Each structure stands twice: as C-alpha cells, then as structure tokens.
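Structural overview
Read off the chains here:
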Amino acid sequence: MQEAGVLDEAMVIGSWCIYFYRDYFAETDYTSSIRTRDIDFLLPRHLKFKGEIDLAELFKDLGFVIDFSPKGAFRLVHPELIIDFLVPERGEGDDNPYPLPQLGLNAQKLRFLEILLENPMKIEVDDFTLTLPHPAAFALQKLIISWRRPKEEKKLKERQEGIRILNLLVTKGETNSIINIFDSFPRNWKMSIVRALEASDAMDLFKILSQDK
Amino acid sequence: MKVIRGVLSEELQNSLQMRKRYRQALENLPRGSLVEKNIRGRKYYYLAFRENEKVRFVYKGKLSEVELKRYREAQKMRAKYRKLYRQVNQQIIFLKKVLRGKTV
C-alpha cells in the first residue's frame, strides 16, 4: 500500500492504535491492551491519490480473500489480519457503503471519524510512515461513540480504553492537548464525553473537562 | 471477563466467515493440476484431478504460455488457500474451546 501511494492518505484507527502508541507513551507504564486481528484504515472521502489500483489483487498474492460486511463494505481477510476500510459519514447517513473506485473497493461509513482525520500524527514503523490519530482525539472519540454501542461489554471497552489513554496523556503532561481538542467540539459532543466520564467514575478527568462548560 | 469473552466471540464469528470465504475461493479455482509429459521431444499436458475415489487425467494437448500461467497460478493459489484454510480451522477449534471453558 505504501508503494502504491495509498498509505499516505490512510490513517490507522481502532485497536491497532493502542499498539502503535507504545513509543509515544514510552516513559509511562503503558501496556498494550487486547488487540484484535481487525486493522481499520480510515480514508478521506476524496482521495488526493491519482491513479487506480485494485487493492484486492494487490493482497491476493499474500493469501487475502475478499469478504463483505452485511451492508456491502469491502474487507480483506487472512487468518492473521482482517483489513477494513472506512470513511467519515456525512449528512443524514444511509446504510450504503461508500464507493472508492480508485482503490476498487467500497468503504464503510461511520460517524465521528472526522475527529480522527482532523487530528493526525505520523510515526515511523520499520520502513513505513504510518498516520495515526493524536491519542487525545482517539480517546475522546471513543468516549463519544461509546454511547452508540448497543452491547454493554463494547460500551465498557470503549470507555476503558478512552479513559486509560486520557490518563496517560495527563501523566505525560499533555492535559492541554486534551482540552484543546475537546474545546474544538460542538456542545453535544462535549456533553457525551463528560457524561461518559461521569458514568465511568473517572472523576479527575471529569473535573478537567467539565470546568466552565 | 465479559469484555474478553466478547472479543473472542467476535473473533470466532470472523474466523467462521473467513473459512467460508476460503472454501469459496478454492471452489472458484480451475480444477486439477497440470502434469507435463515429454513425448518425442515435445511437451504435452494433462489435467489431473480427483473424481470420487479415482484420479482422472484429461488430455489438454499443447498449451499456450498464457494457459500454462493460468494453471500454474491456480495451483499456487490452491496450495496457499488450503494452508490458510487449515490455519483458520485451527483458530476456530481453539476459540470454541476457550469460549466453552468455565470461568473461575
């Protein structure tokens, strides 16, 4: 994907961020939590990438096969890795996947992903440059989307991960980065975050973010 | 514990779906493998495949480079998919065992 130029525009999101943040939080007592096989690549709706590639064909030689979500979004699957492609949802939203013909795939649309795209961070991993969301954006987005999880254990997992990352940022002395990103959000997003912290009994973080709001 | 069980349960669903996809990928490949025979200095090809208990050989004659490449590619992918299918199967067995296990 790097050679084809696609990696420049793709952002790694989801549970693999927790793995890649280990160097960022090196001076804290950071440990990676459960990481699934799913690696999510977030793409902008309008790619700067010029040209066309068939991602499925690119990955076929590595043993990946194509699968589809129930709503028709494309995923590449392998016993060791499952690759999903996502774009931010806009407007009222619908159940249809978002076509990215330049890459020969349909991506899944989800809300609140623009929070991540608007707060990027680059890291070097072996010979690759990966784009991740800033940990503050990652954590705050988790708290917002936790309310949309129907299953209790998923809600809990989102909040636990978000709170853990926020606490690590505070330990690292980056409280201001949390506040700056939080302050850029609309009021209803802020309320979701604050309520999630309150529901999780994360009172130190609750106090930091609920001051003068 | 609930979070971990939830994650493992989802991984099991992923693996079950994946196994289905590998099965389909294997079924979609052209059948059989090429056997090359050298007769009086010329190469002739037979397609060998299993039908019920027997191995059958179907004469394909002289094949173009394009056709040869197609069969060899299919043979390579079949071997790859079979290996990965076995790997997914092992994952399913493991995950089912873990999810059946009692919580202490």
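Please read all numbers here as calculations on a predicted model, not as lab measurements.

The number of helices and strands found in chain B is two helices and three strands. Relative to its length of 104 residues, chain B is extended, with a C-alpha radius of gyration of 21 Å against a globular reference of 13 Å. Overall, chain B is about 70 × 30 × 20 Å in size when its C-alpha atoms are taken along their principal axes. Classification of the 104 residues of chain B by burial places 12% in the buried group.

On a plain count of helices and strands, chain A comes out with eight helices and nine strands. Taking 17 Å as the expected radius of gyration for a compact globule of 213 residues, we find that chain A reaches 18 Å, a close match to that expectation. Across chain A, every contact between residues at least 6 apart in sequence was considered, and the portion connecting residues at least 24 apart equals 59%.

Moving on to the pairing of strand 3 (residues 65–68) of chain A. All names here are of chain A. Of the pairings in the sheet, the one linking strand 3 to strand 4 (residues 74–78) comprises four bridges and is antiparallel in character. When the bridges of strand 4 are listed, Ile66 appears paired with Leu76. The antiparallel pairing of strand 3 with strand 4 creates a hairpin that spans five residues between the two strands, and Gly72 there sits at a positive phi of about 90 degrees.

Glancing now at the domain arrangement of chain A. Residue and element names in this part refer to chain A. Here chain A is partitioned into domain 1 (1–133) and domain 2 (135–213). Each side of the interface is counted separately: domain 1 has 13 residues, and domain 2 has 12 residues. At the level of secondary structure, the elements contributing two or more residues to the side of domain 1 that touches domain 2 comprise helix 1 (15–20) and helix 3 (114–117). Its residues assigned to classes, the side of domain 1 that touches domain 2 comprises 10 nonpolar, three polar and no charged.

So, about the nonpolar core. Residues and elements named next belong to chain A. One finds Cys17, Leu42, Leu43, Ala107, Leu116, Leu140 and Ile193 to be the most contacted residues of the largest nonpolar core, which totals 60 residues. No other element matches helix 4 (residues 135–146), which puts eight residues into this core. Counting residues domain by domain, this core receives three or more from each of domain 1 (1–133) and domain 2 (135–213). Ignoring any residue separated from it by four or fewer positions in sequence, one finds Leu42 in contact with Ala10, Met11, Ile13, Leu86, Leu113, Leu116 and Leu117.

Before going further, it helps to examine the sheet that holds strand 1 (residues 33–39) of chain B. Residue and element names in this part refer to chain B. One open sheet accounts for three strands, arranged 1-2-3; its pairing is antiparallel. Lying at the two open borders of the sheet, with one neighbouring strand each, are strand 1 and strand 3 (54–61). Direction aside, neighbouring strands of the sheet carry axes that sit 35 degrees apart on average. In this sheet, strand 2 (residues 42–51) lies alongside strand 1 in antiparallel orientation, the contact comprising seven bridges.

Once that is clear, we can look at the packing of helix 4 of chain A against helix 6 (residues 175–183) of chain A. Residue and element names in this part refer to chain A. Contact pair helix 4 / helix 6: the axes reach a minimum separation of 9 Å and the direction vectors enclose 55 degrees. The angle between helix 4 and helix 6 places the two elements in the oblique class. For helix 4 against helix 6, the interelement crossing comes out right-handed. Here helix 4 contributes Ala136, Ala137 and Leu140 to the contact with helix 6, which in turn contributes Ser177, Ile178, Ile181 and Phe182. Counted by class, the contact of helix 4 with helix 6 contains six nonpolar, one polar and no charged residues.

With that out of the way, let us pick up the interface of chain A and chain B. In this assembly, 15 residues from chain A lie in contact with 17 residues from chain B. Elements with a minimum of two residues in the side of chain A that touches chain B: strand 3, strand 4 and helix 5 (152–171) of chain A. Ranked by residues supplied to the side of chain A that touches chain B, first place goes to helix 5 of chain A with four residues. Of the residues that constitute the side of chain A that touches chain B, the class distribution is six nonpolar, three polar and six charged.

This next bit is on the environment of Asp40(A). Residues and elements named next belong to chain A. On the secondary structure map, Asp40 appears in strand 2 (residues 38–42). Residue class for Asp40 comes out buried when judged on the 21 C-beta atoms lying within 10 Å of it. Measuring from C-alpha to C-alpha, the distance between Asp40 and Ile13 comes to 5.4 Å, with 27 residues separating the pair along the chain. Once residues within four sequence positions are removed from consideration, Asp40 is found in contact with Ile13, Gly14, Asp84 and Leu86.

Our next topic: unusual backbone geometry. Although it is not a glycine, Asp201(A) adopts a positive phi angle of roughly 60 degrees. Following the sequence through the fold, Asp201(A) ends up in the loop between helix 7 (187–199) and helix 8 (203–210). With phi around 50 degrees, Arg40(B) is a residue other than glycine that occupies positive phi space. Of note, Arg40(B) is situated in the loop between strand 1 and strand 2.

How each quantity is defined
Residues numbered from 1 in each chain as written. Chains lettered and ligands numbered in written order. Predicted model: local features only at pLDDT ≥ 70, side-chain atom pairs only at ≥ 80, totals over all residues. Helix = DSSP H or I, 4+ residues; strand = E, 2+ residues; numbered from the N terminus. Rg over C-alpha atoms; globule rule 2.2 N^0.38 Å. Buried ≥ 20, exposed ≤ 12 C-beta atoms within 10 Å, placed from the backbone. Contact = placed C-beta atoms within 7 Å. Pairing = 2+ DSSP bridges. Domains from an automatic or database assignment. Nonpolar A, V, L, I, M, F, W, Y, C, P; charged D, E, K, R; others polar. Core = buried A, V, L, I, M, F, W, Y, C linked by C-beta atoms within 7 Å. Axes fitted to C-alpha atoms, helices over the stretch in contact; angles between N-to-C directions. Parallel < 35°, antiparallel > 145°, perpendicular 65-115°, else oblique. Left-handed = near helix turned anticlockwise from the far one by under 90°.

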